[in-house]
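One letter stands for each residue in the lines below.
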Amino acid sequence: MELIFDLRRNWAILGGKAVVWTLLVLTVFNVSSFTSSSSAAIDQSFAENADVNMYGLIDMLAEPEAFHDFRQSRENLEQLGDFYNELNANKEFDLLSAFASALPLRDFPGDTAFQHGYGDEMTVNGPFEGPDGNTVLDVKSMSINRAAFDFYRLEVAEGRVFDWDAVDYSSGTVPVLLGSSYSDLYEVGDLIDGYLWFEPRQFEIAGILDERASMYYQGELNQYLDHYVLIPYPSVLGDFAADEQSLAGMLYFEMINANVAAPKELSADQVLREIAAASEASGFDQYSLLNLPTYLVQFSLVKSVIQGNAALVQAIGAMLFLGVVVASGFANWQLMRRRRNKTLVFLRLGRSQHAISRMFVRSSMIGYGLTFLATAVAVRMVPASSSGALFTALWVFVLLVVLDSAHQHYLLRRCLDVDSGKAASL
């Protein structure tokens, strides 16, 4: 009965505390989640090894006729392959080969978001008849070499990464990694029928990429790969059969039109000398090197924005925590004032301090329980949450309970004035 009377008399204060605490714990949860995601973004996209000078390497065979004639010569293609191998083996910089294109797949079960051109202001073709008369759909794909895969710190959530040395397009089966959005469509180990450069191939799913995996591509600092099929380039461009010359011509030019990621201490002249040495060793000289200043500008600005926002959000969270602690202290003081007369009556009737304290603790526990339940329900409604954010929110909740309990106990002792046996004035 005493507990019910106390709740009826002080429900507004106790309920207000529970609401404020719930909002604070949820804010801490969201701040912790944002900080965690910011740290992950910086670790992936803004690691120290990514702070580089980026150059664009392109071939100079822009005229269709010159491009066609070059690919008709096996010797030319072998020189081009050697040029790539020389650059890929260079220890002074990283050659980052990546190329986005349409990948025709048979009987594709996904929606429009996976189709090539969707979200890129390009025409989405929809299903069409493939080279063998089968119905196919062009999906988004990104071909990539090992250096680019490692440079952009791409990782898998399921399965395994490529065995780069075993990549062989002529085998008929090509390993692929799928973006995270594919996880509801396929499983690791599934085989997908499709076409690679108009030739039928089976694509074996080696793994599923982490959610929101991204890379730099054509001026876009974070090209997200959630809806992409990732295709590995061979580690070395070697010999090819006569009937594979057409495929080799397209593959080699794809791979040589790449980005060169050079350490900042390596000057542009030094980069040019390294590439010229590879050209002399291979015999291929139809290339040009472009500077990509947008990479460094975007790198610096976006990193600064993320770090600045994270610091601002953390500062706001800290100030909010202090504000809630002060407000809770004031609420406790008001509660003790409202309970003062009742407390003194219980004391004069001979009730022990422990019994009086236990009665008020039960009221507080109801408020703590309401806060915990409301927070748990709200967190469960969040689509994705990190264990670190949950732990931080729980730790803050426990800290609030400890501080609040200690403050209420201090106020009660002042009121009872156990040492003198007289009620202390508030």
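Please refer to the structure placed before this passage.
Predicted, not measured: the structure shown is a model, and the values here were computed from it.

1. Quick notes on the pattern of salt bridges
A side chain of one charge can pair with a side chain of the opposite charge when the charged atoms of the two come close.
Item 1. Scanning the entire structure with this criterion turns up 4 salt bridges.
Item 2. Of the charged contacts in the structure, one is a salt bridge between D239 and R74, with a shortest N-O distance of 2.4 Å. Of the two residues, D239 sits in the loop between strand 12 (229–232) and helix 5 (245–256) while R74 sits in helix 3 (residues 74–88), which places them 165 residues apart along the sequence.
Item 3. D239 sits in the exposed class, given a relative accessible area of 70%.
Item 4. The class of R74 is partly exposed, set by a relative accessible area of 27%.
Item 5. Where salt bridges share partners, they join R74, E78 and D239 into one cluster.

2. Describing a nonpolar patch on the surface
Item 1. On the surface, F372, L373, L394, V398 and V402 cluster together to form a nonpolar patch covering roughly 470 Å² of accessible area.
Item 2. For the nonpolar patch, the elements supplying multiple residues, two or more each, are helix 8 (353–380) and helix 9 (387–416).
Item 3. If one sorts the elements of the nonpolar patch by residue count, helix 9 sits on top with 3 residues.
Item 4. Relative to the elements of secondary structure, L394 occurs in helix 9.
Item 5. Exposure remark for L394: the relative accessible area of 43% places this residue in the partly exposed category.

Basis of the calculations
- Residues numbered from 1 in each chain as written.
- Predicted model: local features only at pLDDT ≥ 70, side-chain atom pairs only at ≥ 80, totals over all residues.
- Heavy atoms only, no water.
- Salt bridge = Lys/Arg side-chain N within 4 Å of Asp/Glu carboxyl O.
- Helix = DSSP H or I, 4+ residues; strand = E, 2+ residues; numbered from the N terminus.
- Buried < 20%, exposed > 50% of the residue type's maximum accessible area, 1.4 Å probe, protein only.
- Patch = residues over 30% accessible without salt bridge, like charges linked within 9 Å, V, L, I, M, F, W, Y side chains within 5 Å.
- Areas by Shrake-Rupley, 256 points an atom, 1.4 Å probe, with all protein chains shown as cover.

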